[in-house]
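# Results of the structural survey
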There are 2 protein chains.
Amino acid sequence: MPGMMDTILNLGLNDETTETLAKITGNERFSLDAHRRFIQMFGKIALSVNGQKFEEIIESHKKKLGVKQDVELNPQALRKIIQDFKELIRLDSGKRLPQDAWMQLEMAVEAVFRSWSNPRAVEYRRFYKIADDLGTAVTLQQMVFGNMGRDSGTGVAFTRNPSTGDRKLYGEYLRNAQGEDVVAGIRTPDSLDAMPPEIRLDLDRVSETLEQHFKEMQDFEFTVENMKLYLLQTRNGKRTAHAAVKIAVDMAGETLISREEAIARINPGDIDQLLHRTIDPKAHVKAIAKGLNASPGAASGIAVFDTDEAAKLGAKGDKVILVRPETTPEDIRGIIRAQGILTVRGGMTSHAAVVARGMGKAAVVGCSSIRLDPDNGYFKTSEGMIVKRGELITIDGSTGEVLLGTVPMIEPELTEDFRTLLGWADASRRLGVWANADTPEAAKKAKEFGAEGIGLCRTERMFNAPERLPIVREMIMAEDEDERREALRRLIPFQLSDFKEMFRLMAGKPVTVRLLDLPLHEFLPSAEEAVEEIENLRKRHAPASALETEARLLTKVHQLSEHNPMLGHRGCRLAITYPEIYEAQTEAIIRAAIETRREAGQTVRVLIMLPLISSANEMIYLRRHVEAAAERVFEEMEEKIDYKIGTMIETPRAALTAGELAKYADFFSFGTNDLTQTTYAFSRDDAEAKFMSRYLENKILTDSPFEVLDAQGVGRLISMANQEGRKANPKLEVGICGEHGGETKSVAFFHQAGLDYVSCSAYRIPVARIAAAQAAIATTKTMSTV
Amino acid sequence: MPGMMDTILNLGLNDETTETLAKITGNERFSLDAHRRFIQMFGKIALSVNGQKFEEIIESHKKKLGVKQDVELNPQALRKIIQDFKELIRLDSGKRLPQDAWMQLEMAVEAVFRSWSNPRAVEYRRFYKIADDLGTAVTLQQMVFGNMGRDSGTGVAFTRNPSTGDRKLYGEYLRNAQGEDVVAGIRTPDSLDAMPPEIRLDLDRVSETLEQHFKEMQDFEFTVENMKLYLLQTRNGKRTAHAAVKIAVDMAGETLISREEAIARINPGDIDQLLHRTIDPKAHVKAIAKGLNASPGAASGIAVFDTDEAAKLGAKGDKVILVRPETTPEDIRGIIRAQGILTVRGGMTSHAAVVARGMGKAAVVGCSSIRLDPDNGYFKTSEGMIVKRGELITIDGSTGEVLLGTVPMIEPELTEDFRTLLGWADASRRLGVWANADTPEAAKKAKEFGAEGIGLCRTERMFNAPERLPIVREMIMAEDEDERREALRRLIPFQLSDFKEMFRLMAGKPVTVRLLDLPLHEFLPSAEEAVEEIENLRKRHAPASALETEARLLTKVHQLSEHNPMLGHRGCRLAITYPEIYEAQTEAIIRAAIETRREAGQTVRVLIMLPLISSANEMIYLRRHVEAAAERVFEEMEEKIDYKIGTMIETPRAALTAGELAKYADFFSFGTNDLTQTTYAFSRDDAEAKFMSRYLENKILTDSPFEVLDAQGVGRLISMANQEGRKANPKLEVGICGEHGGETKSVAFFHQAGLDYVSCSAYRIPVARIAAAQAAIATTKTMSTV
């Protein structure tokens, strides 16, 4: 078990054996110092005496003698220290230091087992998600001494460079010292080149042997006792993501491991590091606040609290971090120009989080510990620090941290090795990897990262752009169907050009367009904003007609307000009330597809996706409207095009009735975020803000189900729906769109469940490619061992 | 097929056959009138000529002749009328009246089939939920004539009285007339006693034969032609709920049918009529507004817009209808004293609806067409009618109608026959019938109606009472766990007496207590109210400390606000954050149980139910806290008591992981309202306010899944959970609580799914008893025919 559990206790020393050791070695100071070290460590570990108190005793003796280094302590001082140590132990623990070696052993073993439950260990396991019932082990080992003189020493080595991955022994050596001295960092060690050359040769040979044996880069500790090399321990070495990729690809090249093994070695979660700018791990930085790590990457810029100002400064080329209570569609222009976004409210699916992930921009959201006062141009941290408009700050979207000033960063780089590895992964995987991309920019990025199609193109954006929003509002405020159709007609040209650009870019790859999902009130101002505007109009003595329009708007806002918008009048429900909305969208999509084929001479693969379906009847009803709209375009353009109509599976009922739904759907796409919300009855935003951390702390959940797919519940629905859907319709294509599509464990689940593809945001595509390959490799392995 | 489709067309008459008929009968006037009637009916039905125009022609001729009755028209006039009718048909339909009998037949048959799609028929089917693809039929029958003279006639009869159920032939007779004359109500018919006595004897004999044959009360039409009785048609007679019960019980007594058949005859939906005061169906009343029929029964009283006023007037004995925008827990004192509740906002699960159903009080909610101005003391209907405070109004909670003034009503009565029938039902059913009852009053009512236990006692009420709310708020505002525990401790005595009363009342029957489910913000004022209070305090120059307290409250309100409260921090999630809440509730429950046993010397069966569980880990965690709290009481009181801990199954995930959950649960209770909300991803309030009517109109849903359980989706989850839960824990008890427990089709489903009991509000218990018996009888039948 790696990490903090490997304390080494040199047992067996007592007053008597210390004297014996002094006689054998002819070095009284050495043996006394060994005894002193033993008591110090044993007292701390086995008898739980505060370690600081031992240090204080040593310090007081050094001061008395006027010396600075431990090695300057003479045998007489060491004897006094040993006496003081024993006294400290007696007072502090109420026990006597055992002289019997077996008793020492027993107590030490007990202490190790006890250490499994100390708070640090518990915290460590919680962080690394290590099971509590795994247990620990105790290793008994013969002692050798690196502090037997100048021909002795100790060191730590990596068989390859853990930062760069270079194939070159890398480590540190400390002459005339024990292992703890290196680990504790009391003396500064030399490089391995400072070792005696013959020992250094031994070390190279050992390194080679270790790699041949473990087929992995090793991190090992060694001691040299009188020019003889002893190995204390070895383990797989930790490495940066960059090094991990290089080492895996190199080892496959050296035929030390297979390509499949090389893929399996990569922790897909680390890949984010390679795709986003990160804070240099060597930099010593302290966070002033912490929020949710909503969109990975680090960014620095001046804090700006107003969207327009952020847009203006950003356009000039200034680096800006947009800091807002929360963001709305109207903040888009500021977000586009900003380096990163920091919000006080909102969870992992808040507007800011979703938009930032889609753009690959760093974002920290829900940073509720800061008090933001945008009007007076500052925010205040929980520790009372005030950050004013214009001050430089850095946000780390991978950790959720907010830092003052700028910090050293590491730029992302898609190395040749990484490309090689991704190529190997593609050869191994069965799952397709598609992208969630709403804009041509996102689609471009997705293609760069290897997307084989667009699995989710949300159309909300096409309603949200500044020149379109007024028309959308006309549509919402329409008194009757005719007025609504008229407004929708005026929106078609905008959508047409958006879709054409998307189709051209994807050049024959499938593009899945999800029809409007958001509730209409998302396109209106909030009630507070409307009330404020009415006040403003009154103060300015605006004409009665303007007031009346705003009052009508407010009435509409009230009419559309909902108790639980997530479960309200949105998705296909909106289209069942107003089928003309989906008809107009279909017209734009089909027209764009035909025009693209005509103009660019390329195939266009169109998939139209209906959101929030919960029954086959909804599907039948809307399919009829979509098909009728498509037919009208075919007739008018005297040309037909193939297209598919499918449904998202994002309500439990859709999954439970998938066999029926599949009769009317050409494809299924699991919307795992909403499906998780409804299966658990968790509103993601509310759960993350209110109780998720408590659930994780108490291990009621091992992972947030919004990050790692819940295989038992949500996954069961997915497997059922996949099987029953395919049984009813053997041509059914089945994928998932949702951020789970880019998460390792979840991708493994989707592979095993037998889906056709995963779709995730552009920056998660490499992760998905690796994870899909790992899942396929793991399955093959399992199958071949059965 | 009963109802509007059974138009009778006397075919075969034309100019020639009319003359022949005149010769045979020697009655020219009669044959001409038959011809006239035929043309009129054929023109209207087969050629779609507006029926009113025929009437106008007859009227003009009568006026010309100066006569008043049709029978006064002489042959000459009838000839002219026939000419005018033919001309009308030619002009209006562009077709000639066919003379050929076969052609007439063909056109008439076509017309009948066409009538299946006319708007009235479509509307009728929608209302009665008759499938569109069922189709209709045409019957050809030999003609006889009731208008052949004074020894002829026509009539309608019921074999028993359809209003009272009395076993006595009941009907009407019209001398020298055809069937249409009775149906159309043009002439006023006599009672059956006006028939020639010998024919009346025949009629009694026929009535007996019909009942013996159909084993059902018959509604039949007959014609007497020259003293000979002919039957035109017979069908099962419609009857009042009261008559239905009496007839069923009587027929079983007469051994005409079995007791099982008697039970099967009852439409459980009609039973509401027997349990609630209803508006006299004979009264001619017009609604001034219509809302949701939230709680059945009709009530009259003066409109009062203020809770305190309603409470005061009600306490004096005045009859009051409390009219509010919506209700909150603070309105309870007004609701208790009011005859009924009318709200402008809110759906079928709004506070007003739930409270009213629980109290068996009439309520109309979500009556959004009225504009309420409580401050100025009036409301205004959509037609501009103004109803002021103090004016008499009537609400009908069974239909959702609001009426002006008082109207004649029928008082409910639990007749002896009904008791007999319920007794038979109890002997037939397998499902237990328990009650949802939060208060001793409701529990009393439930016992009266035959509840075998309490399946759901919500504890929210115990936090909501006026003297407790301030302590609840202290608990919410607590700075730390100690403060919270202290406030909870002070709430225990209140809960203790509530539980003791409940246990005593139920005298050994099981009582299922659901621990707190509501989110905490439900116990605080709204943000608007808090802001207003701060304004008020400022205006009154209140001390700074009062202002600060209110400001703290507002901050808390903001902190607790949620995007989707239904999916938020409520139920077991709240208790995982603050386990002390459930611990305090458990202490009160267990203490009350032991004290009741000691004081009343009766057994107490306690079931503690955890709401909104979605994973076994939640169950394990909370079970531990509940058990620890119970153990502390056992120790302190030096006495133990048996109790069970179970879970509601109201999230899809709980159902999907029921096999795991059942290991830690003694019982399951399906919360079908929330389970329906999450399975469909429908927020009930929002769905009912925004899109449910559209879904029903377009037959995307055949019933609201909140009224009739969705067997395909929600039902599948219930069946899975029931099977997998019992497999994992054979001792598991499984029931459902939720209004579906009192709905006929849903109860049939629960019976088939193999649950142990249903639990519903007191007033639905008789319905559930009948429905459960019907389901058992239907299953036995199916099994015996297999």
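This section reports on the structure supplied with the text.

Criteria and cut-off values
- Residues numbered from 1 in each chain as written.
- Chains lettered and ligands numbered in written order.
- Predicted model: local features only at pLDDT ≥ 70, side-chain atom pairs only at ≥ 80, totals over all residues.
- Heavy atoms only, no water.
- Helix = DSSP H or I, 4+ residues; strand = E, 2+ residues; numbered from the N terminus.
- Buried < 20%, exposed > 50% of the residue type's maximum accessible area, 1.4 Å probe, protein only.
- Contact = heavy atoms within 4.5 Å.
- Areas by Shrake-Rupley, 256 points an atom, 1.4 Å probe, with all protein chains shown as cover.
- Lys, Arg positive; Asp, Glu negative; His and termini not counted.
- Charge placed at Lys NZ, Arg CZ, Asp CG, Glu CD.
- Least-squares fit on C-alpha atoms with pLDDT ≥ 70 in both.
- Pairing = 2+ DSSP bridges.
- Axes fitted to C-alpha atoms, helices over the stretch in contact; angles between N-to-C directions.
- Buried area = accessible area lost by both parts, 1.4 Å probe.
- Salt bridge = Lys/Arg side-chain N within 4 Å of Asp/Glu carboxyl O.
- Patch = residues over 30% accessible without salt bridge, like charges linked within 9 Å, V, L, I, M, F, W, Y side chains within 5 Å.
- Parallel < 35°, antiparallel > 145°, perpendicular 65-115°, else oblique.
- Left-handed = near helix turned anticlockwise from the far one by under 90°.
- Nonpolar A, V, L, I, M, F, W, Y, C, P; charged D, E, K, R; others polar.

Here the focus is the overall build of chain A. When helices and strands are counted, chain A shows 32 helices and 26 strands. Its C-alpha atoms give chain A principal-axis dimensions of about 105 × 70 × 45 Å. Looking at the 786 residues of chain A, the share that counts as buried comes to 55%. In chain A, the share of contacts with a sequence separation of at least 24, taken over all contacts with a separation of at least 6, comes to 66%. Carbon and sulfur atoms make up 50% of the accessible area of chain A, which amounts to about 34,800 Å² in all. Positive and negative side-chain charges of chain A, numbering 102 and 115 respectively, have mean locations separated by a distance of 2 Å.

Here A:Ala507, not a glycine, exhibits a phi torsion of approximately 40°, which is positive. Considering the arrangement of structural elements, one finds A:Ala507 in the loop between helix H19 (481-506) and strand E21 (510-514). Phi is positive for B:Ser48, which is not a glycine, with a value near 55°. Mapped onto the fold, B:Ser48 is located in the loop between helix H2 (28-45) and helix H3 (51-65).

Time to look at the environment of B:Phe42. Residue and element names in this part refer to chain B. For phenylalanine 42, the location among the structural elements is in helix H2. Overall, the relative accessible area of 0% leaves phenylalanine 42 in the buried class. Spatially, the C-alpha atom of phenylalanine 42 lies 78 Å from that of methionine 477, the residues being 435 residues apart in sequence.

For the pair chain B and chain A, the relating rotation is 180°, the translation along its axis is 0.0 Å, and the fit reaches an RMSD of 0.3 Å. With respect to symmetry, the two chain copies, as superposed, fit the operation of a two-fold axis. Using C-alpha coordinates, one finds that chain B approaches the rotation axis most closely at B:Asn564, a distance of 2.2 Å. Interface overlap between copies is the fraction of interface residues in one copy that are interface residues in the other; for chain B against chain A it reaches 100%, indicating a shared surface.

A word on the sheet that holds strand E14 (residues 378-380) of chain B. Sheet strands line up and pair through hydrogen bonds in the backbone, either parallel or antiparallel. Residue and element names in this part refer to chain B. Pairing is antiparallel in the open sheet, where three strands are placed in the order E13-E14-E15. Whereas interior strands pair on both sides, the edge strands pair on one side only; in this sheet they are strand E13 (371-373) and strand E15 (386-388). Strand after strand, the sheet turns through a mean of 15° between neighbouring axes, direction not considered. Relative to E15, E14 runs antiparallel, the two being bridged by three bridges. Opposite lysine 380, over in E15, you have isoleucine 386 as the bridge partner.

Attention now moves to the pairing of strand E2 (residues 170-175) of chain A. All names here are of chain A. With six bridges joining them, strand E1 (residues 153-158) and E2 adopt antiparallel strand pairing. Each residue of the ladder has a partner; that of glycine 153, found in E2, is arginine 175. Two strands pair when backbone bridges link them, and E2 and strand E3 (residues 190-191) are joined in this way by two bridges, in the antiparallel orientation. Bridge pairing in E3 places glutamate 172 opposite serine 191.

Next up on the list: the interface of chain B and chain A. Every contact between the two is made by 49 residues of chain B and, on the other side, 49 residues of chain A. Approximately 4,600 Å² of surface area, both sides summed, lies buried where chain B meets chain A, with 54% of it carried by carbon and sulfur atoms. It is B:Leu567, B:Arg653 and B:Lys690 in chain B that bury the most area against chain A; as a group they hold 14% of the surface buried on that side. Summed over the shared surface of chain B and chain A, the result is four salt bridges. Between A:Glu724 and B:Arg716 there is a salt bridge, and its shortest N-O distance comes to 2.6 Å.

Two side chains that carry opposite charge are able to pair once their charged atoms sit near each other. Residues and elements named next belong to chain B. Here the structure, examined in full by the defined rule, presents 123 salt bridges over all chains. One salt bridge connects arginine 79 with glutamate 28, and the closest N-O pair in it is separated by 2.2 Å. Within this pair, whereas arginine 79 is found in helix H4 (residues 75-93), its partner glutamate 28 is found in helix H2, the two being separated by 51 residues in sequence. Of the charged contacts in the structure, one is a salt bridge between arginine 552 and glutamate 479, with a shortest N-O distance of 3.6 Å. In this pair, arginine 552 sits in helix H21 (residues 544-560) while glutamate 479 sits in the loop between helix H18 (469-477) and helix H19 (481-506), placing the two residues 73 residues apart along the sequence. Take glutamate 479: its relative accessible area is 58%, and that puts it in the exposed class.

This paragraph deals with the environment of A:Ala310. Relative to the helices and strands, A:Ala310 is located in helix H12 (residues 307-316). Apart from the residues within four sequence positions on either side, A:Ala310 is in contact with A:Val304, A:Val320, A:Leu322, A:Gly334 and A:Arg337.

In this section: a negative patch on the surface. Together, A:Glu528, A:Glu529, A:Glu532, B:Glu528, B:Glu529 and B:Glu532 make up a region of like negative charge exposed at the surface. Taken together, the elements giving at least two residues each to the negative patch come down to helix H20 (527-539) of chain A together with helix H20 (527-539) of chain B. Checked against the element boundaries, A:Glu532 lands in helix H20. Here A:Glu532 falls in the exposed class, since its relative accessible area comes to 53%.

Here we come to the packing of helix H3 (residues 51-65) of chain A against helix H4 (residues 75-93) of chain A. When two helices pack together, you describe them by how their axes are tilted relative to each other and by the distance separating the axes. Residue and element names in this part refer to chain A. At a minimum axis separation of 10 Å, H3 and H4 run at an interaxial angle of 150°. Comparing the axis directions of H3 and H4 gives the class roughly antiparallel. Seen along the crossing, H3 lies across H4 with a hand that is right-handed. Touching Lys53, Phe54, Ile57, Ile58, His61 and Leu65 of H3 are Ala77, Lys80, Ile81, Asp84, Phe85, Leu88, Ile89 and Asp92, all from H4. Class assignment of the residues belonging to the contact of H3 with H4 gives a composition of nine nonpolar, one polar and four charged.

Time to look at the sheet that holds strand E9 (residues 298-304) of chain B. All names here are of chain B. What the eight strands build is an open sheet, ordered E7-E17-E16-E9-E10-E11-E12-E8; its pairing is mixed. In this open sheet, the two strands that pair with only one neighbour each are strand E7 (287-290) and strand E8 (292-295). Across the sheet, the axes of successive neighbouring strands diverge by a mean angle of 30°, strand direction being ignored. With three bridges connecting them, strand E11 (residues 340-343) and strand E12 (residues 362-365) associate as parallel partners. Bridge pairing in E12 places isoleucine 341 opposite alanine 363. Along the sheet face, helix H12 (residues 307-316) touches E9 and strand E10 (320-324) and points at about 175° away from the line of E10.

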